[in-house]
Amino acid sequence: MPYPIIRVVRYSFLGLALGMLPLAVSAEANTNLSPEAFEQCKLQLQEKAVQAGVSAETARNVMAGVSHLDKVIELDRRQPEFTTTFADYLNRRVNDARVTRGRELIREHHKLLHRVTEATGVPAPYLVAFWGLETNFGSYFGKMSVPDSLTTLACDARRSTFFTEQLIAALQIIDEGAIPVEQMEGSWAGAMGHVQFMPTVFLKHAVDADGDGRRDLWNSLPDAMMSAGRFLQSMNWDGDYRWGREVLLPDNFDYSFSDGRRLALGKWRELGITDAFGKPLAREDIQAALIVPAGHKGPAFLAYHNFKVIMGWNRSEFYAIAVGHLADRIAGAGGLQNPPPEDTPALSRKTIMQLQTALNKKGYGAGKPDGIAGPATRAAIRSYQQDQGLTADGFPARGLLEQLKINI
């Protein structure tokens, strides 16, 4: 049977990780690395690995077989031309097929998931939700050689320091016998296994849960699920509370409260916010932040502490909402009461840059025009909207762009 529908703050039932790549990067690097330069780089990385404790034999054997992957550099450089709307993002990741499969897997692996929850405090629906979003429940781990990908990126100047650390960690994983080098496959950026751990996250948080003497996140679901739970536990997952919840906002709500501030649940209640079914919120002293990912015409959420934990896995509000909502659905809940509008246009990075430039010229500090609508840009939009008598939700809606004479 599926878990009961969650409509209260506390979970009543029992209960994966890609270390995010750095957001700041160096200047664009030369992608035309000569074969001679790549071989020299490989030797230098091999020496660094040995100095870091990797056995000379492992470092020599693995690095001797490493190849440069032009495709990895291409993927690293690729920037999406258009932003993804919240509706498109959520609907692609949380759908009936994935919910049904998630419920089946909860029943199939009930004993294992119960054991992970007992050990880590992370409820099963969350573990399965991460699993679903990361690898579609283990159906696709990535097909690229992790040593090849990481060496290619470590020899590229753009993020060499970060990927050198990841490569050395990958060699340490091979050295400890967790996985043969020929089986170490993953994403183009080096994320691996059921839970798509980066190598440094693997070293710190992966565990041998099936007792076979190896930490195997590719072939052992017990190892993968327990490792996911341990990683979330290390970020202070609170097993008593959920991730957050969909809420309804009153008419004429002051959207300046969606600026990231955290207030007690009772305070949000005083501001007229109800749960998704129109019932009053509890008066508990639970700190929460209001998120309106699609503007005032879309759904609203109150995000609790565990929402921040999820973002420690992937620094994306869209991702964190998708994990939480998928977990709710797997646990038995229905869809959103106020689904995101599907007619919201996907804005190009060029359009966002034009918006940032226009706001800066008018004295609203949107930050350096970079085509990414981050916190500074949303704050600038809110300030402009307030001054213009618009709904100040910080969302770059079509009407705002038209008023600023920006073509979509």
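Residues numbered from 1 in each chain as written. Predicted model: local features only at pLDDT ≥ 70, side-chain atom pairs only at ≥ 80, totals over all residues. Heavy atoms only, no water.

S.K.: Please explain the overall build of the protein chain as it appears in this structure.
M.R.: Along its length, the protein chain carries 17 helices and seven strands. The C-alpha atoms of the protein chain give a radius of gyration of 23 Å, which matches the 22 Å a tight globule of 408 residues would have. The dimensions of the protein chain, computed from C-alpha atoms along their principal axes, are 70 × 55 × 35 Å. A burial count over the protein chain gives 52% of its 408 residues as buried. Accessible area for the protein chain stands at about 18500 Å²; split by element, carbon and sulfur atoms hold 49% of it. Side chains of the protein chain give 44 positive and 45 negative charges; the mean places of these two sets differ by 6 Å. (Helix = DSSP H or I, 4+ residues; strand = E, 2+ residues; numbered from the N terminus. Rg over C-alpha atoms; globule rule 2.2 N^0.38 Å. Buried < 20%, exposed > 50% of the residue type's maximum accessible area, 1.4 Å probe, protein only. Areas by Shrake-Rupley, 256 points an atom, 1.4 Å probe, with all protein chains shown as cover. Lys, Arg positive; Asp, Glu negative; His and termini not counted. Charge placed at Lys NZ, Arg CZ, Asp CG, Glu CD.)

S.K.: What am I meant to see in helix α14 (residues 317-330) here?
M.R.: For an α-helix, 3.6 residues make a turn, and residues three or four places apart therefore share a direction. For α14, spanning 14 residues, the distance from its first C-alpha to its last is 20 Å, which sits close to the expected 20 Å at 1.5 Å a residue. Buried residues of α14: Tyr319, Ala320, Ile321, Ala322, Val323, Gly324, His325, Leu326, Ala327, Asp328, Arg329 and Ile330, and no others. Where α14 is buried, its residues meet α4 (86-93), α5 (96-108), α7 (124-135), β6 (287-291), β7 (300-303) and α13 (305-313). Between the side-chain oxygen of the N-cap and the backbone nitrogen of phenylalanine 318 there are 3.3 Å, and the N-cap of α14 in question is serine 316. Remark: glycine 332 follows α14 within two positions and exhibits a positive phi of approximately 125°. (Expected span 1.5 Å × (residues − 1). Contact = heavy atoms within 4.5 Å. Polar contact = N/O pair within 3.5 Å; in protein donor to acceptor, adjacent residues only side chain to side chain.)

S.K.: How do you make sense of unusual backbone geometry when you look at a structure like this?
M.R.: Most peptide bonds take the trans configuration, and most residues that are not glycine carry a negative phi. Not every positive phi belongs to a glycine, and asparagine 136 is a case in point at roughly 50°. Note on placement: asparagine 136 falls in the loop between α7 and β1 (144-145). For asparagine 136, a relative accessible area of 37% translates into the label partly exposed. The backbone of glutamine 196 sits at a positive phi, close to 55°, despite the residue not being glycine. Within the secondary structure, glutamine 196 is located in the loop between β2 (185-186) and α10 (199-205). In this structure glutamine 196 comes out as buried when scored by relative accessible area, which is 7%.

S.K.: Help me understand the sheet that holds strand β3 (residues 244-248), please; the structure alone is not making it clear to me.
M.R.: Paired through backbone hydrogen bonds, the strands of a sheet run either parallel or antiparallel to each other. Taken in spatial order, the five strands make up an open sheet running β4-β6-β7-β3-β5, and their pairing is antiparallel. In this open sheet, the two edge strands, each paired with only one partner strand, are β4 (262-264) and β5 (274-275). As paired strands, β4 and β6 are joined by three bridges and run antiparallel to one another. Bridging across to β6, arginine 262 finds its partner in alanine 289. (Pairing = 2+ DSSP bridges.)

S.K.: When you look at the confidence of the model for the protein chain in this model, what are you seeing that I'm missing?
M.R.: Predicted coordinates in regions of low pLDDT should not be interpreted in detail. Looking at the protein chain, the pLDDT average stands at 91 and 92% of residues meet or exceed 70. Across residues 1-30 the pLDDT falls below 50, and counting only partners more than four positions away or on other chains, this stretch makes 116 contacts in the model. (pLDDT = per-residue confidence, 0-100.)

S.K.: Explain the pairing of β6 here, please?
M.R.: Regular strands show a simple pattern: their side chains alternate between the two faces of the sheet. With four of five residues buried, β6 is to be regarded as a mostly interior element. Two strands pair when backbone bridges link them, and β6 and β7 are joined in this way by three bridges, in the antiparallel orientation. Following the sheet pairing, isoleucine 291 is matched in β7 by phenylalanine 301.

S.K.: Could you clarify how one ought to interpret the pattern of salt bridges in this entry?
M.R.: In a structure, side chains of opposite charge can pair up when their charged atoms sit close to one another. Counted according to the given criterion, the structure contains 15 salt bridges. Two residues, arginine 78 and glutamate 74, come together in a salt bridge whose shortest N-O distance is 2.7 Å. Since its relative accessible area comes to 48%, arginine 78 is described here as partly exposed. The salt bridge involving arginine 77 is made with aspartate 76; its shortest N-O contact spans 2.8 Å. Residues arginine 77 and aspartate 76 agree in their burial class; the two are buried. Salt bridges linked by common partners bring Asp76, Arg77, Asp156, Arg158 and Arg159 together as one network. (Salt bridge = Lys/Arg side-chain N within 4 Å of Asp/Glu carboxyl O.)

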